[in-house]
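The residues making up each chain are set out below.
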Amino acid sequence: MRRQRALARFGDFVLDHDDPCELASILTEGCRLIAEELETDLAKVIEIEPKRETGFVRAGIGWNKGIVGHERISLTERSSEAYAIARAEPIITNDIAAETRFHFPEFLRDHGVVALVNVPIFLPGRRPWGVLQVDAREVREFGREDIEFLTTYAMALGPVIDRLLVVVEREEAERRLARRDRLRRVVEGMDEGFGLLAPDFTILEDNEKLLGRPVSDPVGRSYWDVYPQAKGSDLGSMLERAMSERIPLSLEHQPEGSELWIETRVYPIVDGSLAVFWRDATARREARENLSKNEEWLRSAVEVGRVGLWDWDPVTGRVAWSKEHWAMYGYEVGEIEPSYDAWLDSIHEDDRARADAELRRSMETGSDYSCEFRVVHRDGAIRWLSGTGRFFYDEEGRPVRMTGAMVDFTEQREMRDRLSAMVTELQHRTRNLIGVVRAMADRTMRSSADLQEFDAKFRSRLDAMARVQGLLSRLGSGDRIAFDELIETEIAALDGEDAAGKIRLEGPRGIRLRSSTVQTLALALHELGANALKHGALAQEGARLEVVWSFEKDGEGGRPWLHIDWRESGVAMPQAPGPGPRSGDGRELIEHALPYQLGARTNFSLKADGAHCTLALPVSHRGHEAV
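Residues numbered from 1 in each chain as written. Predicted model: local features only at pLDDT ≥ 70, side-chain atom pairs only at ≥ 80, totals over all residues. Heavy atoms only, no water.

Section: helix α3 (residues 80-87)
Along α3, the residues that are buried comprise Ser 80, Glu 81, Ala 82, Ala 84 and Ile 85. Turning to α3, the residues buried within the fold contact β1 (42-49), β3 (72-74), β4 (91-93), β5 (115-123) and β6 (127-136). Among the residues trailing α3, Ala 88 stands out with phi positive, at a value near 60 degrees. (Buried < 20%, exposed > 50% of the residue type's maximum accessible area, 1.4 Å probe, protein only. Helix = DSSP H or I, 4+ residues; strand = E, 2+ residues; numbered from the N terminus. Contact = heavy atoms within 4.5 Å.)

This is the structure we're talking about:
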């Protein structure tokens, strides 16, 4: 009964202050009565400013100077006021410090506000006008009776505000009518159409915009006579309703025989007439249609881009997956029942706990969900997925919905891993190469009598290394150079006359060399070949060179080994050893560097008819892939 009396007092106040200029006073008195009944010292009324997407503090009590009549708040999606308007129901925040759904204006905290309730204010026709907000300086549970009282108060405010606004519109119309000549000039200059209808639908004013006129001058004639097609139409029905019920209405329609879409708005005037405004809405309608097309394009983009979408209700457990989402988990659409457990079971066991923990953290903190994980298809295929999502909460802060998107980035992940492995391999090879070049330069310098000899030897050995690098550069990650490729490359580089007819190469193909051994082994083969071309089998008529190799799967230490036999024959040997592997740095490379660097077993000897060298070294564990 006490609150009913408060409503009655407010009604009496409104009757005593019927001037539209006193709207602020009426709203302030309403705030005072509400605060008094709810035993709080803060309350305010916020008016929507659609063009600004803000709310203006129109009236209130208990606030510091500079708030009422000045302060504006954002009506974005994180605004509790906007949320109340969108939901068309009261929204309660018992403790703003614990609230994660909304962002609150700083001036509330400055005033010590802890709890608040927002009640939307609607004008007749369910048109949102603003919010009635009651604020408390302590944690507070607003009860059912409190909410019912505030809802009733807001419902009472709506018609009062509307009536005063209508009065303002009526007075504006009266002023225009009182200045008919000036009105005529203004009306004729308007971009939109304007008309004025008497209570009997006689046309009092018409500025001839958009629709044109079927007669030379419709003023003074009945609207139904001038526009007979409007009788019984949606437009005609709207005009009749607005005139009889004295309410503002609007309609978007397409006149018969016209390609234009027209938006018509009607407002009752205080003298019983009806102000009619109309404008071309074709562009706006086309924009809406384009928006619909854009949405369709977005759906197509989701399908073409293979983006999977999901919608989860944590309360009921209901889960919806898009068609692409099904495919990402290896299912046909409808093959299983989508659920949280089905999602979790599909995740690789090594990633399952992390993906679940990330989702729980997002649910508890309100932060966006973002996680990369592997899923295992029924056929054993493993795919990498990246998911992002967001939770939505009710007025009590409980999660009621989660939506998100998923993309399959398996190929990108594999490419990233391959690139990482390639960079690591490149760094390793580069370090090896620098070491080999440095050692080769030292050996060449020690064995050279002058710079000219050094230049010739060093260039030749650099060419050998360049050939090896050419082979290595063609390899993919994890690939290895085969010995037959290496020996054929070195023999081809000798370029001696009739060399092909003097050389026999024999051995299995595909014996994979360890990458760390290739450069040093290539230099040894180069030294043997250069010596054969200059002094040995490839330099003398009738001499021959045979390079025979074999593969030992289980060699010394249980590892696979490559055995190489380099044998020259038919060579007329000099009385004293000549240059090359017979003495000097080439032989040092074979007899000392190969065993030290590669763990190889070597033997070099000069027979009566030519050089004979045997090499044995461990090779890749994948060993022999001969064809």
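More follows now that the structure is in view.
Some details on unusual backbone geometry
The phi dihedral of Ala 88 falls on the positive side, at around 60 degrees, and the residue is not glycine. Within the element layout of this structure, Ala 88 appears in the loop between α3 and β4. When its relative accessible area of 34% is taken as the criterion, Ala 88 is described as partly exposed. Look at Phe 201: it is not a glycine, yet its phi comes out positive at around 70 degrees. Secondary-structure assignment places Phe 201 in the loop between β7 (193-197) and β8 (203-206).

Examining the sheet that holds β8
Taking strand neighbours across the sheet as the criterion, the five strands line up as β8-β7-β11-β10-β9 in an open arrangement whose pairing is antiparallel. The sheet is open, and its two borders are formed by β8 and β9 (249-253), each paired with just one other strand. The average angle at which neighbouring strand axes cross in this sheet is 15 degrees, direction not considered. (Pairing = 2+ DSSP bridges. Axes fitted to C-alpha atoms, helices over the stretch in contact; angles between N-to-C directions.)

What to know about the packing of aromatic side chains
With the rule as written, the count across this model stands at 18 aromatic pairs. On the numbers, 5.1 Å between centres and 50 degrees between planes, the contact of Phe 201 with Trp 224 is tilted. Of this pair, Phe 201 sits in the loop between β7 and β8 while Trp 224 sits in helix α7 (residues 223-226), and the two are 23 residues apart along the sequence. For the pair Phe 201 and Trp 224, a shared accessibility class is recorded, and that class is buried. Put simply, the rings of Trp 312, Tyr 340, Trp 343, Phe 373, Phe 391 and Tyr 393 touch in pairs and so form one group of aromatic residues. The ring of Trp 384 carries Arg 413 above its face, with NZ or CZ at 3.8 Å from the centroid. (Phe/Tyr/Trp six-rings, centres within 6.5 Å; stacked < 30°, edge-to-face > 60°. Lys NZ or Arg CZ within 6 Å of the ring centre and 35° of its normal.)

Re the pattern of salt bridges
Where charged atoms from two side chains of opposite charge come close, those side chains can pair. As enumerated under the stated definition, the model contains 32 salt bridges in all. The salt bridge partner of Glu 29 is Arg 32, with a shortest N-O separation of 2.7 Å. Here Glu 29 and its partner Arg 32 are both found in helix α2 (residues 23-38), three residues apart, which amounts to about one turn of the helix. The exposure class assigned to Arg 32 is partly exposed, which follows from its relative accessible area of 34%. One salt bridge connects Arg 390 with Asp 368, and the closest N-O pair in it is separated by 3.0 Å. Here Arg 390, found in strand β15 (residues 382-393), pairs with Asp 368, found in the loop between α12 (349-365) and β14 (369-376); they are 22 residues apart in sequence, far enough to count as distant. Here Arg 390 falls in the partly exposed class, since its relative accessible area comes to 39%. Through salt bridges with shared partners, a single network forms among Glu 29, Arg 32 and Glu 36. (Salt bridge = Lys/Arg side-chain N within 4 Å of Asp/Glu carboxyl O.)

Focus: the pairing of β7
Extensive coverage of β7 is indicated by the burial of five of its five residues. Of the two faces of β7, the one lined by Gly 193, Gly 195 and Leu 197 and the one lined by Phe 194 and Leu 196 are each fully buried. Two elements, β7 and strand β11 (residues 274-280), share five bridges in a ladder whose sense is antiparallel. Along β11, the bridge assignment pairs Leu 197 with Leu 274. Where β7 hands over to β8, the hairpin turn is made up of five residues, of which Phe 201 adopts a positive phi near 70 degrees.

Focus on the nonpolar core
Counting 41 residues, the largest nonpolar core has Phe 483, Leu 521, Leu 562, Ile 564 and Trp 566 as the members making the most contacts within it. At the level of elements, α14 (451-473), α15 (483-494), α17 (515-534), β18 (544-552), β19 (561-569), α18 (585-598) and β21 (610-618) are the ones that each hand at least two residues to this core. It is α17 that provides the largest number of residues to this core, a total of eight residues. In this structure Leu 521 touches Phe 483, Leu 486, Leu 513, Ile 564, Leu 594, Leu 598, Leu 615 and Leu 617, once residues within four positions along its chain are discounted. (Core = buried A, V, L, I, M, F, W, Y, C linked by side-chain atoms within 4.5 Å.)

Points about the pairing of β19
Side-chain direction in a regular strand flips from residue to residue, so the side chains alternate between the two faces of the sheet. In the sheet, β18 pairs with β19 via nine bridges, with the strands oriented antiparallel. Looking across to β19, one finds that Glu 552 is bridged to Trp 561. Here β19 runs beside β21; their pairing, made up of seven bridges, is antiparallel. Across the sheet, Leu 562 pairs through a bridge with Leu 617, a residue of β21.

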